Amino acid sequence: MRRQKLKKPEKLLKAELQYIYNYTCRLYREGYIDEAINLSKNLVKLAFKYKLGGYAFKLVCRKCYVPVIPGLTVTYRVKRRGGKSYILTRCINCGYARKKVFKHKGVEKRARKK
């Protein structure tokens, strides 16, 4: 007989991923960079196993698997172009950039008076 995989609730799994991420950040800040990168790779594998890959790549750089720590490993910029606003996330280690488009709340275009 084959053993079935146990399905974990999504909240519990995200809490476990968050715990691993916090430990990874602590390792990175203390100077254990290689260990932090290996733990980040395991975090991504675990997230993909339970179909939460998108959540994992918010915590880890897609290219070099460094944990996302604002100001230390990643820079954030808010930019506007063509009426759209987006957040530009750039990894300091490898240079990988990611854009996240969003809309402003309460900002509307005014009608022109003729």
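The structure under discussion appears in the preceding block.
Now for a description of the structure that goes with this document. (Residues numbered from 1 in each chain as written. Predicted model: local features only at pLDDT ≥ 70, side-chain atom pairs only at ≥ 80, totals over all residues. Heavy atoms only, no water.)

## With respect to the overall build of the protein chain
Move 1: Helices and strands together make up the secondary structure of the protein chain, namely 3 helices and 3 strands.
Move 2: Helices and strands appear in the protein chain in the N-to-C order α-α-α-β-β-β.
Move 3: When each of the 114 residues of the protein chain is scored for burial, the buried share is 28%.
Move 4: Sequence-distant contacts in the protein chain: of pairs separated by 6 or more residues, those separated by 24 or more amount to 39%.
Move 5: Entry remark: accessible area of the protein chain is about 9,600 Å², with carbon and sulfur atoms responsible for 52%. (Helix = DSSP H or I, 4+ residues; strand = E, 2+ residues; numbered from the N terminus. Buried < 20%, exposed > 50% of the residue type's maximum accessible area, 1.4 Å probe, protein only. Contact = heavy atoms within 4.5 Å. Areas by Shrake-Rupley, 256 points an atom, 1.4 Å probe, with all protein chains shown as cover.)

## Quick notes on the environment of Thr73
Move 1: With respect to the helices and strands, the residue Thr73 is situated in the loop between α3 (53-59) and β1 (74-81).
Move 2: Owing to a relative accessible area of 1%, Thr73 belongs among the buried residues under this scheme.
Move 3: When residues no more than four places from it in sequence are discounted, the contact partners of Thr73 are Tyr28, Val66, Pro67, Val68, Arg90, Cys91, Ile92 and Asn93.
Move 4: A polar side-chain atom of Thr73 sits 2.8 Å from the main-chain carbonyl oxygen of Pro67. (Polar contact = N/O pair within 3.5 Å; in protein donor to acceptor, adjacent residues only side chain to side chain.)

## Points about helix α1 (residues 10-30)
Move 1: Relative to the 30 Å expected for 21 residues at 1.5 Å per residue, α1 spans 30 Å between its end C-alpha atoms, a close match to the ideal helical length.
Move 2: Buried within α1 are the following residues: Leu13, Leu17, Tyr21, Thr24, Cys25, Leu27 and Tyr28. End-on, the buried residues of α1 take up no more than an arc of 160 degrees, which puts them together on one face. Turned more than 90 degrees from where α1 packs its buried face, Lys11, Tyr19, Arg29 and Glu30 sit exposed.
Move 3: Where α1 terminates, the next one or two residues include Gly31, which has phi positive at roughly 105 degrees. (Expected span 1.5 Å × (residues − 1). Arc of directions from axis to C-beta.)

## Looking at the environment of Pro70
Move 1: In this structure, Pro70 sits in the loop between α3 and β1.
Move 2: For the pair formed by Pro70 and Arg90, sequence separation is 20 residues and the distance between their alpha carbons is 9.9 Å.

Structural measurements only, silent on function.
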